[in-house]
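Notes for the structure review
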Amino acid sequence: MCAGRRDRLAEHLAHAAERFGVRPEGDLVRGDFDRTLAVRTSGPAWLRVTAQRPEWTTEEFWDGIASATGSPFDEIPMPRHLATTQWADGGYVVRADLVTYVDRRAVGSGLVLRRDADLPGAWWDALRAGLAPLRRATGTRRAVLRPDALRSSLLASFGVEIDLSRLDWEVAHGDLHFGNLTAPGLTILDWETWGWAPAGYDAAVLACSAVLRPDVAARVRAELPVPPTYSGAVARLAAADKYLSLVRLSRHPDVAVPLRRQAEAVLREGLVA
């Protein structure tokens, strides 16, 4: 991303800190493609800013952090939303979210797990329990994957035309990789994109995030099994496609071959034609 955008985000972050009356105290953390910028602040709290064209501020990713509040989210081990502010800057809308600070390390350092992770049974129990309340978050129109976009994407990537009428949907975190999960104490981070997805999508994404660590991926499949259904097969293809789309943007090229093989295995199972 251009240095100009980085400089502007840094300015926005400083302005947001002034608005909230907090003081940046840690290292700056840049999001993928420099879309966001975040920092630990006094409090302690976590401050995150983004700037988008107005036409993009109505999409699901815009208000996910602020909307993940109240029931059933108060039962989930996650950062708590404290405040939001936004303002116009030229042709952009700037949004800043302040959440509680999590003093725990993530299992991984990003979208793809690149080191071993020996997580005890109690941690997996906590993860299942932490995700369970999402099944009651049914009063939302937010979507991780829009049906028509999902159908088009899987047709383009794998040559399959899915039957949307056969899909079971559930509310999902939407970006459940090991960089968004802490250990040994579990906190589920980054609720920007939560919403409806095919049943099993979160588990499928987590398994894909560990594709370079087969033992961990096998543990994911054992602890968070994707339903052996039509919807489950679609969820697995959609999760693989999520990561393959990053490869097409020259990110994480080493996951391309194993994920393509996984997708081919799903197709051979015959649940989707």
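The preceding data block contains the structure.
The shown structure was predicted, so the numbers you read here are calculated from the model rather than taken from an experiment.

It is worth spelling out the overall build of the protein at this point. Looking only at helices and strands, the protein has 8 helices and 7 strands in total. A compact globule built from 273 residues would reach a C-alpha radius of gyration of about 19 Å, and the protein, at 19 Å, matches this within 12%. With the C-alpha coordinates aligned to their principal axes, the bounding extent of the protein is approximately 55 × 40 × 40 Å. Looking at the 273 residues of the protein, the share that counts as buried comes to 47%.

Pro 44 follows Gly 43 through a cis peptide bond whose omega is -5°. Of note, the amide linkage connecting Ser 71 to Pro 72 takes the cis form, showing an omega dihedral of 0°. Topologically, Pro 72 is positioned in the loop between α2 (64-67) and β4 (81-89). Backbone geometry at Asp 190 places phi at a positive 60°, although glycine is not the residue there. Here Asp 190 is to be found in the loop between β6 (169-172) and β7 (195-198).

Our focus in this paragraph is the layout of surface pockets. The probe, sized like a water molecule, is rolled over the atoms to show the empty space still left. In this structure, the second largest pocket occupies an estimated 320 Å³ of space. Around the second largest pocket, the lining is made up of 15 residues, and of these Leu 131, Arg 135, Glu 170, Ala 203 and Leu 224 lie nearest the centre. Secondary-structure elements contributing two or more residues to the lining of the second largest pocket are α3 (121-131), β6 and α5 (201-209). Of all the elements, β6 adds the most residues to the lining of the second largest pocket, at 3 residues.

Rules and cut-offs
Residues numbered from 1 in each chain as written. Predicted model: local features only at pLDDT ≥ 70, side-chain atom pairs only at ≥ 80, totals over all residues. Heavy atoms only, no water. Helix = DSSP H or I, 4+ residues; strand = E, 2+ residues; numbered from the N terminus. Rg over C-alpha atoms; globule rule 2.2 N^0.38 Å. Buried < 20%, exposed > 50% of the residue type's maximum accessible area, 1.4 Å probe, protein only. 1 Å grid on protein atoms, 1.4 Å probe; cavity = no way out; pocket = protein on both sides within 12 Å on 5 of 7 lines; lining within 4 Å. Points joined across faces, edges and corners; volume = space filled by probe spheres on them.

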